[in-house]
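Each chain, letter by letter, is given below.
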Amino acid sequence: MKKLLSWILVIVMLASLCACGVVGKDDNGFTINLKRGLEKRFAKAEKMPESYTSNTAEKNDRLELINIEKDAIGNLQEYVFMDSGLEQLAEQYVAALDSQAEGLKYLGNNDDEFHKLYYQNGYYTRASVISKLVSDYGFQLNSKYSNYMNDLLDDGDLYNRERDAMQALEDMISEDVVLKAENMYDVSAPLVNTSNMDLNGISVNLLLIDSTGAVLESSMDYFESWKAGETKMFKPYIFQGADRYQVSFSYYSTATGIEWTTTPKDVDYQAFDPGVEFILCSELPSDYTPSSWYSRATCHVTDFWTELTYSDAGKSSFTLHVAGSKTYDVKGNDYSRSCHFEYRITNEDQSIVYSTGTFYTDELKVGQSFADCTSYVSDLAPGTYYVEFYSGKY
């Protein structure tokens, strides 16, 4: 008889634990514990004030609600999940509860951090998980909590739509997107809203990056309205070239209060072509020495190249570059002064465009080099231009 009473007592205690504590640590057990935790949270929330005059009181009440759920779920590490998808949702949900608890530290002293941790990474992630559990696993609560549940599902669906929309835009950016330079400073690229959402007030960001990965410059464009499926021209403004160009999106949702940002991704870049070609008629390397005795110093020129410096209204300006060394000076090897030579430019009709241009090096002694000596030409229309070097008189 005593043994029978002992077994009955054990059964009653186990039943009591199942009724009040955490049930089985498996897939079904998680959804049961989650259901119980949510219902207890909602029941407790109904007894709490709708507004607070004390941050401390509000923190304590919100933390109590979070702990009700955490206590009901228990230690997630002790669960043995058969469904990996459910396990992932469980991990996201518990992490969201932890984020809400962390966010409470910033209630009343840092609104941005509080919103990010408590709402963006906390509440909306929880709502997103609940929405997924309802649609994929048939998760339900007692009907008397339907108002709370409907709010969670609506917010979860909204969060999921916004998240999926931003992911669609991020996936749309690839090297198939061509950023085309229209002139020296204006670039553009057609972008399609590949999401299922109409977006109002979205920023499109451009990063210019050098060969080391350092950001040289940033620019942006702003779409006041961007309907699903609509193509918009992205038109940022830049001041220099770069080795890589990356595009990303920033979107503030007035519905959720979330500042969404996508990961910057590389796009292709098509440099501006002013339609100007230079052909050097002089052979290099060559020596150039003014005929005047006083100016007689020899430039030994080994290289020539051009650089676009400005273009507008069909006319372009260029910097002409030469490199070489000083090999002779009538005043002696140790005499330091510039060596110089001249050039002329003609067009395809053999008409003279620049009759006399001059390259002046820095002050050099014989044997010293000039790595980049420059001169400038401007107002060139598209076409082919022929450059000829000559010694000149002075």
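That block above? That's the structure.
Residues numbered from 1 in each chain as written. Predicted model: local features only at pLDDT ≥ 70, side-chain atom pairs only at ≥ 80, totals over all residues. Heavy atoms only, no water.

Visitor: So what exactly am I meant to see when it comes to the sheet that holds strand 13 (residues 340–346) here?
Guide: The pairing of strands in a sheet comes from backbone hydrogen bonds and takes either a parallel or an antiparallel form. Within the open sheet, the four strands sit side by side as 9-16-13-14. Their pairing is mixed. Pairing within the sheet leaves two strands with one partner each, and these edge strands are strand 9 (276–280) and strand 14 (352–360). With strand direction ignored, the average angle separating the axes of adjacent strands in the sheet is 25°. Where strand 9 lies against strand 16 (residues 383–390), five bridges are found, and the strand directions are parallel. Paired with Val276 across the bridge in strand 16 is Gly383. (Pairing = 2+ DSSP bridges. Helix = DSSP H or I, 4+ residues; strand = E, 2+ residues; numbered from the N terminus. Axes fitted to C-alpha atoms, helices over the stretch in contact; angles between N-to-C directions.)

Visitor: What is the right way to look at the environment of Gly103 in this model?
Guide: With respect to the helices and strands, the residue Gly103 is situated in helix 4 (residues 84–103). Judged by relative accessible area, Gly103 falls into the buried class, the value being 0%. (Buried < 20%, exposed > 50% of the residue type's maximum accessible area, 1.4 Å probe, protein only.)

Visitor: Just to check I follow, could you spell out the packing of helix 3 (residues 55–73) against helix 5 (residues 111–137) for this structure?
Guide: The description of two packed helices rests on the angle between their axes and on the distance between the axes. Where helix 3 meets helix 5, the axes come as close as 14 Å, and the angle between the chain directions of the two elements is 35°. Of the two elements, helix 3 crosses helix 5, and the hand of that crossing is left-handed. Across the interface between the two elements, Arg62, Ile66 and Glu69 of helix 3 pack against Phe114, Tyr118, Tyr119 and Arg126 of helix 5. Residue composition of the contact of helix 3 with helix 5, by class: four nonpolar, no polar and three charged. (Left-handed = near helix turned anticlockwise from the far one by under 90°. Contact = heavy atoms within 4.5 Å. Nonpolar A, V, L, I, M, F, W, Y, C, P; charged D, E, K, R; others polar.)

Visitor: Whenever I open this one, the packing of aromatic side chains confuses me. Can you help?
Guide: Any two aromatic rings considered together are summarised by their centre-to-centre distance and by the angle between their planes. According to the stated counting rule, one finds 28 aromatic pairs in the structure shown. Aromatic side chains Phe42 and Tyr145 sit 6.0 Å apart centroid to centroid with 45° between the ring planes, which places their arrangement in the tilted category. Here Phe42, found in helix 2 (residues 27–45), pairs with Tyr145, found in the loop between helix 5 and helix 6 (146–172); they are 103 residues apart in sequence, far enough to count as distant. Each member of the pair, Phe42 as well as Tyr145, carries the same accessibility label: buried. (Phe/Tyr/Trp six-rings, centres within 6.5 Å; stacked < 30°, edge-to-face > 60°.)

Visitor: In this structure, what is going on with the pattern of salt bridges? I would like to understand it.
Guide: Side chains carrying opposite charge are able to pair once their charged atoms draw close together. Considering all chains together, one arrives at 15 salt bridges under this definition. Between Arg41 and Glu69 there is a salt bridge, and its shortest N-O distance comes to 2.6 Å. Here Arg41, found in helix 2, pairs with Glu69, found in helix 3; they are 28 residues apart in sequence, far enough to count as distant. Residue classification places Arg41 among the buried positions, given a relative accessible area of 7%. Linking Lys105 and Glu102 is a salt bridge whose minimum nitrogen-to-oxygen distance equals 3.0 Å. Exposure remark for Lys105: the relative accessible area of 52% places this residue in the exposed category. (Salt bridge = Lys/Arg side-chain N within 4 Å of Asp/Glu carboxyl O.)

Visitor: Before we go on, may I ask you to explain the nonpolar core in this structure?
Guide: Side chains that are nonpolar tend, in soluble globular proteins, to be buried together. Counting residues in each nonpolar core, the largest one holds 60 residues, and the members touching the most others are Ile130 and Phe249. Residues within four places of Ile130 in sequence aside, it is in contact with Leu34, Leu38, Tyr93, Phe139, Met149, Leu152 and Leu153. With 24 residues, the next largest nonpolar core counts Ala297, Leu320, Phe370 and Leu380 among its residues. (Core = buried A, V, L, I, M, F, W, Y, C linked by side-chain atoms within 4.5 Å.)

Visitor: Got a minute to help me understand unusual backbone geometry in this structure?
Guide: What is expected of a backbone is that most residues other than glycine have negative phi and most peptide bonds are trans. Here the amide bond leading from Leu284 into Pro285 is cis, since omega sits at 0°, within 30 degrees of zero. Here Pro285 lies in the loop between strand 9 and strand 10 (286–288). Despite not being glycine, Ala313 shows a phi value in the positive range, around 55°. You can see Ala313 is positioned in the loop between strand 11 (297–312) and strand 12 (315–329). Here Ala313 falls in the exposed class, since its relative accessible area comes to 75%.

Visitor: Teacher, can you tell me more about the sheet that holds strand 11 here?
Guide: The strand order 10-11-12-15 describes an open sheet built from four strands, whose pairing is antiparallel. The strands lining the two open edges of the sheet, one partner per strand, are strand 10 and strand 15 (369–380). Averaged over all neighbouring strand pairs, the angle between strand axes comes to 45°, with direction disregarded. Examined bridge by bridge, strand 10 and strand 11 share three bridges and lie antiparallel to one another. Considered in strand 11, the bridge of Asp287 is made with His300.

Visitor: Even after reading the chapter, I still don't get the state of the cysteines, so can you show me in this structure?
Guide: Each disulfide consists of one covalent bond between the sulfur atoms belonging to two cysteines. In this structure the tally under the stated criterion is one disulfide. A sulfur-sulfur distance of 2.4 Å marks the disulfide that ties Cys299 to Cys339. Judged by the torsion about the S-S bond (120°), the Cys299/Cys339 disulfide is right-handed. Here Cys299, found in strand 11, pairs with Cys339, found in the loop between strand 12 and strand 13; they are 40 residues apart in sequence, far enough to count as distant. You can call Cys299 buried: its relative accessible area is 0%. The class of Cys339 is buried, set by a relative accessible area of 0%. (Disulfide = S-S within 2.5 Å.)

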